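Residue strings, one per chain:
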Amino acid sequence: MKIKEIIVVEGRDDTTAIKRAVDADTIETNGSAVSKMTIEKVKLAQEKRGVIIFTDPDYPGERIRKIVSEQVPGCKHAFIKKKDAKPTSGKGIGVEHASPEVIREALKEAHTMEEEIIEVITQEDLILAGLIGGSKAKHRRERLGELLKIGYTNGKQLHKRLMMFQISKEAFIKAFEKVLQEEENA
């Protein structure tokens with residue numbers, strides 16, 4: 001599988017994992033303090049070939065994603081689940097621990113953020129659905145993020161990300177019903 005876009009990752013181990021899964025070029029941020037030079041490289045990459053931001057499903061990864069996407073509009077975003085980013089032994093979390101299949105799937109499902117954001121799902125909808133506040137909220141958000149391929153978020157970020165990726169009301173309802181069905185069957 002050849003990827004046209006250049007993939008922004010956190011480090012060398014992520015690049016190695018990406019290259020095991022697909023034929024692609026990467027730009028490494030080398031930490032969450034994304035340098036001006038790295039941003040310039042990403043801007044050029046976006047201009048020439050397009051960019052997919054593919055960072056770890058943790059706080060530093062989300063911080064890098066936010067910094068890069070604010071500085072370089074129009075990037076695509078690829079996400080993996082936390083459970084797919086854990087090493088078989090030891091601790092830590094990252095793209096470098098994901099299997100080639102998981103990486104290929106995440107890249108295939110990469111989304112683009114929309115410039116003009118239209119609110120389809122309100123904050124109130126999320127509260128009523130038990131995705132914000134309540135004992136099951138965190139698990140529900142985690143599973144919903146997996147199903148919609150938008151990654152895990154806290155309550156505040158969920159609303160933003162649903163708007164950012166223009167998730168339709170239908171897609172949201174379908175995914176949420178699946179979450180509730182899984183809860184019932186658990």
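Our structure is the block above this text.
Worth saying up front: this structure is predicted, and the values here are computed from it rather than measured.

Draft legend 1. Quick look at the sheet that holds strand β1 (residues 6–9). Reading across the sheet, the 5 strands line up as β2-β1-β3-β4-β5 and stay open at both edges, with mixed pairing between neighbours. Looking at the sheet topology across the chains shown, the edges are occupied by β2 (26–28) and β5 (111–112). Relative to β2, β1 runs parallel, the two being bridged by 3 bridges. Looking at β2, one finds that Val8 is bridged to Ile27.

Draft legend 2. Examining helix α6 (residues 137–148) more closely. With 12 residues, α6 ought to run about 16 Å at 1.5 Å a step, and its terminal C-alpha atoms sit 16 Å apart, in line with that. Those residues of α6 that are buried are in contact with β5, α7 (155–164) and α8 (169–185). The positive-phi residue at the C-terminal boundary of α6 is Lys149, with phi of around 60°.

Draft legend 3. Just the environment of Lys43, in detail. Locating Lys43 in the fold gives a position in helix α2 (residues 36–48). For the pair formed by Lys43 and Thr153, sequence separation is 110 residues and the distance between their alpha carbons is 26 Å.

Draft legend 4. Local environment of the nonpolar core. Core analysis: the biggest nonpolar cluster contains 20 residues, and Ile7, Ile18, Phe54, Ile80, Ile103 and Leu107 have the highest contact counts within it. Among the elements that make up this core, the one with the highest residue count is helix α4 (residues 100–108) (4 residues). With residues near it in sequence (within four places) discarded, Phe54 still touches Ile7, Val8, Val9, Ile18, Arg65, Ala78, Phe79, Ile80, Val95, Ile103, Ala106 and Leu107. Counting 17 residues, the second-largest nonpolar core is a separate cluster that includes Ile150, Leu162, Met164 and Ala175.

Draft legend 5. A look at the packing of α2 against helix α3 (residues 59–71). At a minimum axis separation of 10 Å, α2 and α3 run at an interaxial angle of 60°. The orientation of α2 relative to α3 falls into the category oblique. In this structure, α2 crosses over α3, and the sense of that crossing is right-handed. Together, Ile39, Val42 and Lys43 of α2 and Ile67, Val68 and Gln71 of α3 make up the contact between the two elements. Of the residues assigned to the contact of α2 with α3, the class counts are 4 nonpolar, 1 polar and 1 charged.

Draft legend 6. Quick peek at the packing of aromatic side chains. Overall, the coordinates contain 2 aromatic pairs when judged by the stated rule. Ring geometry for Phe79 versus Phe165: centroids 5.8 Å apart, planes at 90°, classification edge-to-face. Here Phe165 lies in the loop between α7 and α8 and Phe79 lies in the loop between β4 (76–77) and α4, a separation of 86 residues in the sequence. For the pair shown, Phe79 and Phe165 are each scored as buried.

Each value, and the rule that gives it
- Residues numbered from 1 in each chain as written.
- Predicted model: local features only at pLDDT ≥ 70, side-chain atom pairs only at ≥ 80, totals over all residues.
- Heavy atoms only, no water.
- Pairing = 2+ DSSP bridges.
- Helix = DSSP H or I, 4+ residues; strand = E, 2+ residues; numbered from the N terminus.
- Expected span 1.5 Å × (residues − 1).
- Contact = heavy atoms within 4.5 Å.
- Core = buried A, V, L, I, M, F, W, Y, C linked by side-chain atoms within 4.5 Å.
- Buried < 20%, exposed > 50% of the residue type's maximum accessible area, 1.4 Å probe, protein only.
- Axes fitted to C-alpha atoms, helices over the stretch in contact; angles between N-to-C directions.
- Parallel < 35°, antiparallel > 145°, perpendicular 65-115°, else oblique.
- Left-handed = near helix turned anticlockwise from the far one by under 90°.
- Nonpolar A, V, L, I, M, F, W, Y, C, P; charged D, E, K, R; others polar.
- Phe/Tyr/Trp six-rings, centres within 6.5 Å; stacked < 30°, edge-to-face > 60°.

Read these as geometric descriptors, not functional statements.
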